[in-house]
Structures are given as C-alpha cells and as structure tokens.
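Structural description and commentary
Listed here are the chains, written in short residue letters.
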Amino acid sequence: MARGSQRNRTRRRGLKAALSTIACCAPAASLVAPVARTARASVQRSAYDMGGPPGFYTGPERTPILDSVVEPRDMNGLSLPELKQLAHELRWDTIRAVSKTGGHLGSSLGVVELTVALHKVFDAPEDRILWDVSHQCYPHKILTGRRSRMGTLRQQGGLSGFQKRAESEYDCFGAGHSTTSISAALGMSVGKSQKGKQQNNCIAVIGDGAITGGMAFEAMNNANYLQARMITVLNDNGQVSLPTGTPSAGGVVPSGALSAYTSRLISSKPFADFRQVAKGISSLFPEEIQQINAKIDEYARGIVTGGTLFEELGFYYIGPVDGHDLDNLVPILENLRDTPSNKPVLLHLKTEKGYGYQPAMTASDKMHGVAKFDVATGKQFKGAPAPAGAPPKPSSLTSVFANELCRIAETDRDIIGITAAMPGGTGMDIFGRRFPKRTYDVGIAEQHAVTFAAGLAVEGLKPFCCIYSTFMQRGYDQLVHDVVIQNLPVRFILDRAGLVGNDGPTHHGSFDLTYLGCMPNLVIMAPAEEVDLINMVATAAAIDDKPSVVRYPRGTGYGLEKLNDLFGLNLSSMPEAGEVLPMGKGRIIKEGRQGASKKVAILSLGTRLAASCEAANEIEGTNDDIAVTVADARFMKPLDIDLVRKLASENDVLITIEENSVLGFGDYVLHFLALEGALDDGKLKFRPMVLPDSFIETATQFQQYDQAGLNAKHIVGTVNKLMDRATVPAV
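These remarks concern the structure in this document.

1. A closer look at the overall build of the protein chain
- Within the protein chain, the secondary structure is distributed over 29 helices and 19 strands.
- With 731 residues in all, the protein chain has 58% of them scored as buried.
- Pairs at least 24 apart in sequence give 77% of the contacts found in the protein chain among residues at least 6 apart.
- For the protein chain, the computed accessible surface area is about 29,000 Å², with 53% contributed by carbon and sulfur atoms.

2. Focus: the side chain of T232
- Locating T232 in the fold gives a position in strand β4 (residues 231–236).
- In this structure T232 comes out as buried when scored by relative accessible area, which is 0%.
- The residues contacting T232, other than those within four sequence positions of it, are I182, A204, I206, F315, V345, L346 and L347.

3. With respect to helix α21 (residues 476–484)
- Among the residues of α21, Q478, L479, D482, V483 and V484 are the ones counted as buried. Down the axis, α21 shows its buried residues gathered within 155 degrees of arc, on one side only.

4. Here we look at the sheet that holds strand β8 (residues 415–419)
- Pairing in this open sheet of seven strands is mixed, and the strands run β9-β8-β10-β11-β13-β12-β17 from one edge to the other. Only two strands of the sheet have a single partner each, and these edge strands are β9 (439–441) and β17 (635–637). Taken pair by pair, the neighbouring strands of this sheet meet at an average axis angle of 20 degrees, ignoring direction.
- Across five bridges, the pairing between strand β10 (residues 462–468) and strand β11 (residues 491–495) is parallel. Directly across from C465, in β11, lies its bridge partner F492.

5. Here we look at the nonpolar core
- Formed by 57 residues in total, the largest nonpolar core has its most connected members in L86, L105, V116, L118, Y357 and F373.
- Considering each element in turn, this core owes the most residues, eight residues, to helix α4 (residues 80–101).
- Once residues lying within four places of it in the same chain are set aside, the contact partners of L118 are I129, W131, I203, V205 and L333.

6. Some words on empty space enclosed by the protein
- Counted under the stated rule, the structure contains five cavities of 30 Å³ or more.
- In this structure, the largest cavity spans a volume of roughly 70 Å³.
- Around the largest cavity, the lining residues are N200, N201, C202, R229, M230, I231, L336, T339, S341, K343 and V345.
- Within the lining of the largest cavity, the residues separate by chemical class into five nonpolar, four polar and two charged.

7. Concerning the sheet that holds strand β18 (residues 653–658)
- As summarised here, the arrangement of the five strands in space is β14-β16-β15-β18-β19, forming an open sheet in which the pairing is mixed. The open sheet has two edge strands, β14 (587–590) and β19 (685–689), and neither has a second partner. Put simply, the sheet's adjacent strands are angled 25 degrees from each other on average, direction ignored.
- Pairing of strand β15 (residues 598–605) with strand β16 (residues 626–632) involves seven bridges; the strand directions are parallel. Looking at the pairing, A601 lines up with T629 of β16.
- The strands touched by helix α25 (residues 609–622) within the sheet are β14, β15, β16 and β18, with β16 carrying the most contacts at an inclination of about 170 degrees.

8. A few points about the pattern of salt bridges
- According to the stated counting rule, one finds 34 salt bridges in the structure shown.
- For K192, the salt bridge goes to E126, with nearest N and O atoms at 3.1 Å. Of this pair, K192 sits in helix α8 (residues 181–194) while E126 sits in the loop between α6 (112–121) and β2 (128–131), and the two are 66 residues apart along the sequence.
- Relative accessible area serves as the criterion here: at 4%, K192 is assigned to the buried category.
- In this structure, D412 engages K462 in a salt bridge whose closest nitrogen and oxygen atoms are separated by 2.8 Å. Of this pair, D412 sits in the loop between α16 (397–411) and β8 while K462 is found in strand β10, placing the two residues 50 residues apart along the sequence.

9. Some details on the side chain of T698
- Summarising the element assignment, T698 is placed in the loop between β19 and α28 (701–708).
- Here N502 takes part through its backbone oxygen, which lies 3.4 Å from a polar atom of the side chain of T698.
- If we ignore the near neighbours within four places in the chain, the residues touching T698 are R154, Q155, Q156, G157, G501, N502, D503, G504, P505 and Q704.

10. A few points about the environment of E61
- Within the secondary structure, E61 sits in the loop between α2 (47–50) and α3 (64–67).
- Classification of E61 by relative accessible area gives exposed; the value is 83%.
- Expressed as a C-alpha distance, the spacing of E61 and E89, which sit 28 residues apart in the sequence, is 9.5 Å.

11. Here's the deal with the packing of aromatic side chains
- Per the stated rule, a full pass over the model turns up 11 aromatic pairs.
- Ring geometry for W92 versus Y357: centroids 5.7 Å apart, planes at 85 degrees, classification edge-to-face. With W92 in helix α4 and Y357 in the loop between β6 (345–350) and α15 (358–362), this pair connects stretches of sequence that are 265 residues apart. Each member of the pair W92 and Y357 is classed as buried.
- Ring centres of Y558 and F567 lie 5.4 Å apart, and the angle between their planes is 75 degrees; this geometry places the pair in the edge-to-face category.
- Residue Y558 is classed as partly exposed on the basis of its relative accessible area of 25%.
- Taking relative accessible area as the criterion, F567 reaches 3% and is therefore assigned buried.
- Cluster of aromatic residues (ring-pair linked, three or more members): Y57, W92, Y357 and F373.
- Positioned over the ring face of F435 is R438, at 4.4 Å from the centre of the ring.
- One cation-aromatic arrangement involves R608 over Y705; the distance from NZ or CZ to the ring centre is 3.8 Å.

12. Topic: the packing of α6 against helix α7 (residues 138–146)
- Packing of α6 against α7 leaves a shortest axis separation of 9 Å and a crossing angle of 35 degrees. The interaxial crossing formed by α6 with α7 has right-handed handedness. Here V112, T115, V116 and H119 of α6 lie close against α7, whose contacting residues are P139, H140, L143 and T144.

13. Quick look at the pairing of β15
- Burial analysis of β15 places six of its eight residues in the buried class, which makes it a mostly covered element.
- At this point the chain moves from β15, through α25, to the parallel β16, and the crossover so formed is right-handed.
- As judged from the six bridges shared by β15 and β18, these two strands associate in the parallel manner. Bridge pairing in β18 links L605 to E658.

Procedures and definitions
- Residues numbered from 1 in each chain as written.
- Predicted model: local features only at pLDDT ≥ 70, side-chain atom pairs only at ≥ 80, totals over all residues.
- Heavy atoms only, no water.
- Helix = DSSP H or I, 4+ residues; strand = E, 2+ residues; numbered from the N terminus.
- Buried < 20%, exposed > 50% of the residue type's maximum accessible area, 1.4 Å probe, protein only.
- Contact = heavy atoms within 4.5 Å.
- Areas by Shrake-Rupley, 256 points an atom, 1.4 Å probe, with all protein chains shown as cover.
- Arc of directions from axis to C-beta.
- Pairing = 2+ DSSP bridges.
- Axes fitted to C-alpha atoms, helices over the stretch in contact; angles between N-to-C directions.
- Core = buried A, V, L, I, M, F, W, Y, C linked by side-chain atoms within 4.5 Å.
- 1 Å grid on protein atoms, 1.4 Å probe; cavity = no way out; pocket = protein on both sides within 12 Å on 5 of 7 lines; lining within 4 Å.
- Points joined across faces, edges and corners; volume = space filled by probe spheres on them.
- Nonpolar A, V, L, I, M, F, W, Y, C, P; charged D, E, K, R; others polar.
- Salt bridge = Lys/Arg side-chain N within 4 Å of Asp/Glu carboxyl O.
- Polar contact = N/O pair within 3.5 Å; in protein donor to acceptor, adjacent residues only side chain to side chain.
- Phe/Tyr/Trp six-rings, centres within 6.5 Å; stacked < 30°, edge-to-face > 60°.
- Lys NZ or Arg CZ within 6 Å of the ring centre and 35° of its normal.
- Left-handed = near helix turned anticlockwise from the far one by under 90°.
- Right-handed = clockwise from strand over helix to strand, strands pointing away.

What follows is the structure, given as structure tokens:
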C-alpha cells in the first residue's frame, strides 16, 4: 500500500478524533498525546548524545536500527525510543564515514535529530525536503539509500557533498550556494497546487547564516502574498560566518541584526514544547474549530510577546524549539503536516553544530569542514610534518594574500577588508585579527557587499571585497551597475578561481574571466604563483582610478625551490613585500631555444603556467627541431598587446591556456589577433585551451585538470597534433 495513502487515512482519522475532542472543549494540545515539557535555555547533553567519555568512545559496535532503514519508509513503525536510538546510530555512522573521506562534519551532526524527524513524519520524495546550501545533508543521504556509498563521498565518481538531483529522487533540489531553499520550496508548493495534487508538503531547512541573504526575505514576502502551503525550518546554530567569532567592525558576534534578533528569541524564554505549540497550531484549522477552542488558546498564539518579524512577514511562527529533542520535534512536525491551512509556517529550531561529538563541539569552527580524522580524538590528518632541517611548507595562497594586505594596511589606513560570511576562506580572519575596525563581515549578502564597497570607495577609502569566484556570480548586477559603470576603485579579490576539487561544480570558479572580461575599464589580473600574488595585491592597492580584480586559485604556493626550478625566478629568499607591476604587461618565462626550425609559443594566464613549463621542457626534450617559448600574461585586461604581437609574429603556433570556461582569456586574445589581421595569411596556428563546455564533477584538483584536458600531457598533445606528430590524449 502506498505510504501517502496510509498517511491520508491517518490524517482523516486524526482530524475526526480532533473534532470530537474539541467538541468536548478539551485543550488543543490533545490533538496529539502531550509530551512532558523540557524547560531549558540551552541544549542539554545526555549520555547517549555524547556516547561516553570524550576522546575514547568511537560509537556503537552495532547499528541494528540503522541497518533496517534502507529508505525512509522503513522508519514508519519505529517508536520514539527507537527513533532516538536511530539518531544515535546515524550520528556515529556520519562521523565514521566523514572520518574516512573528509567533508562537512559539524553541520551534518547538528541536524541528525531533525533529519530523523523529517523522514519519519513526511513522505519523501513525494513530500519535498530541501536543505539550504545542503552541506549538512550527509545524514539525509544515509537514510535515503546511499549509506553503502558514503565511502565515496566527495571522491571522483562518488557521492556529491551536496544535494544533487541526478544522484537521488530524494534530492529534490540541488544546492551548494546559500539562500535558495525557500524560493525553491515555494515554487514546488505552488507547482503542486497548480497540478491539483492533494498532498502538498514542501519543507525548506535553512540556517541562521543563509537566512541573512536577501533572497530568503524576497521568498518569504512572496509566500505570504501567495498564501502557499510550505514549512520553513530555521536551523539556528549561531554559526553565521565561517568561522563565527572573527574580529570585525561589528565585534566577534555573528553578522547582522537578524542573528541578534533570533538570539533574543531563544534567550527570552525556555524552549517551547509540544503542549504549548499545539495550542497555537489550532489557529491553523478551519474557523469554526478555532471559535470552539478560542478561550482555551487565547494566551498561546504569540510565543514571543508582541509577535515576531516572521509573523510580520506573514508566517505562522513556532519556536524556539530544541532541535535535538525528538520528543517534541516529531509531534510538532506531525501537527504541521496534518493542518489543512495554506498559511506558510516558520519553525524555529535551536541546534548545536557538531552536536553529540565532543571534538566537534569544542573546536573553534565546530569541525565545519574537515580532512580525514581519527574518530576517537578528532585529530585531522593533514599531511606529515616536514622533516628536521627541511624548508617550511608553502603557505596557502589565501594566507599569502591576507598577509600582504595586512602589510599594506599597516601604512595605509584607507585599506578596508570586506567578506560575505567567509572570513576563514578569504583570509579576512587574518586581516580581522590585525585590523578589526577595518574588517566588515556583511553576512551571506554578496550583492550588498559589492555595493557597500562601492559606497566606501565614494568616500575615498580603498575597499578590498574578498569573495569566492563562484559566489561573485551572486553580485554580478551590482558589480556592473554600482561599480564598473561608475568607475569606482573597488578591489575584488576572487579566491577559489578555477577548479576547486572535492566541493565540485557548485564551487568551481569557472566563469569569472568570461563574465568579467566583457566589462569596460576593469583591470583583471591572475597570478601564476605566490610571488606574483603579492605583487598583484600591491598593484590593486595602487590602482585608485578604476575597479580591479585579482583572481587566484584554491591551494598552496610552490615554495622557494620550485619557484626557482619551474619559473627561473632566481630568488634567494621569499620577498617580504609585493611590487607594483607595470600596468597590462606580461613576462616571458622561458625563451625557446635557438636554431629550431619550428617555433611554438604558450601564453598562460594564471594557474596553468607550471604545466606549460613542464610541457615545454618535455616537447624540447623529445623534438630537436621544436623550440617552445612560455609566457605569462599576468593581465587579461588591459591585454599586453605588444607581447601578443611578438608571440604571434615570431612563432608558427600560439596556444593560450587558462583555468576558465570558453569566452575567457583565449577568446580575448583571439579577438585581438583577428582585428589585428594576424591570422589573415594563414601562417599562424592558434589554439585556446580552456575548461570544457560541461560541469566537472567532484574529484581531486589534479583529476579535474585531467578531465578538463589542462595538464602538461594535454599541452604536449596539442602541440604534437598541430605539428602533425601525435594525437591529443583523450579528455
């Protein structure tokens, strides 16, 4: 028998019983058997939550209840005590899985009970459950038929680290970026209504960080206008930014008034239990039932005196509720499922990121994103320490950028740092510790970040707007309208440009050269290595008459030895400060050898310079008659047209290479060559090497470069093919 049919009959029986009870003037709480109230102002930690002494316990030896759940319908007959045991087993199964692959741990542990409750109460996939961002969806994946594949999480050919429609029918909406869930759930709810579907339950789970994004409020405003049946679950764990607690102009508290507001809701009184909530929920039933029960429920409607912001937006507000308390979560969700009302509901849960795993609960970042780790201690395996006497490991490019910006800011008080809730990922945590009053975390609000930076620039300050390349897409109109058209000197620092590895296609910075390259009067720089990164930060700081961009990849630098070996920089030590680069000028890294009859030039922008040098050495080592010159463009705009002319006129083959989609740097060079007439005589063979016209799935960065055809062997193959000597390796 279909699960939905069973539920419909259950609902009819429940409503009939409720009407009978209300007719007898019983409290509305009797719609479901009452549960003893858990009055507490913060999340309690029980023995089953913690699993035993921290640092020793590694989870249950057996998982009999979890073993019996292959898909959510297998939870139908489970009692509340069994659901609690299931949550315990699920939590430790998640910990063990992530310990072997790495991934987003803390956020997943914080929603274990919620995940169990949602899949117990609702009829997924017919009922739509959406996880905003969806980095917290690992327990959801385990309960929806993917437990056996969790060992492939974030690996090539394996499970995505986010919800993905192509992966499972239970992933009704893909995600990776934030603040999309309420809009999508609203669309699904309206779609079900348009199709005349009787069963219409759409649930959006959104965090207190994601709800700071303006799109969430656009959706909530529209939901009230449409009177669409949907449930928004606000998962409030106090972790608005990554990491929360970074010193900034707003202090160390989470960014924004909304976070402070929800915190006041939570601290203003103990958690609401089901007995309280059920009284208020009676107002969602038909009017005649409300009138019968009005006197009983007249004091229960506003859990927070005077109503709430969410109520002003037209949502029925419930909360705050302990998000780890299944005794109350399950009956509250059942009641919401069974109400006939079309009024949108917001259920406000207080949860704790990393809940139930002591190493995560005590970590400063709640073990948000982790490498492989030891389950007993939480210690992460981030590579073996360098042997005694070995040179220090190269720094991350993010820290290289941040340290150079700090150096410049020491003598230039106009330097301002801006992040959109990603201080750790963009280096603004480093800058914030040094200059808290000049650091601004605006929350998950890239559009606002861009225009806020424009306003700072109007007042003569030097804003550095630091945003992941993929997230910059969210502020594109503001970039055009508020910055570039007005020619305001905002400096955009785009971290994670290019392929990012295990986070997959939602986080690749694949398009920035394409969507930025078409804008007039915008300076675009892309360093190939860490020395040029600090040079470009210094250059951006010096550009005060137009906007500029520095895009750099995820990863670490090369270190002194490799910088000298690969690029011939001849450095005796790493430079202490960046140098302002000549505007729009590239550099020759390797001159082709003399006397060769055939000449090839490789013009790289950004990260593929090392692969270009490796390919050049291999080609010359195996072909006595070929000379290969390697050049680093440094700038996409303004383009070094003198360098391009030189390479085009002195070589038989010109290859451009970049870590960006089609219509980026290579097309910019090709456009110039075509207008210059450099291709008219047919003597120059030109080939752009770019990311393929497809989304590259989760894998290591090297595997992704292989898939994209951008490793050294692919450059070698391209040259050999143009010389009629070989075929390009298959991509």
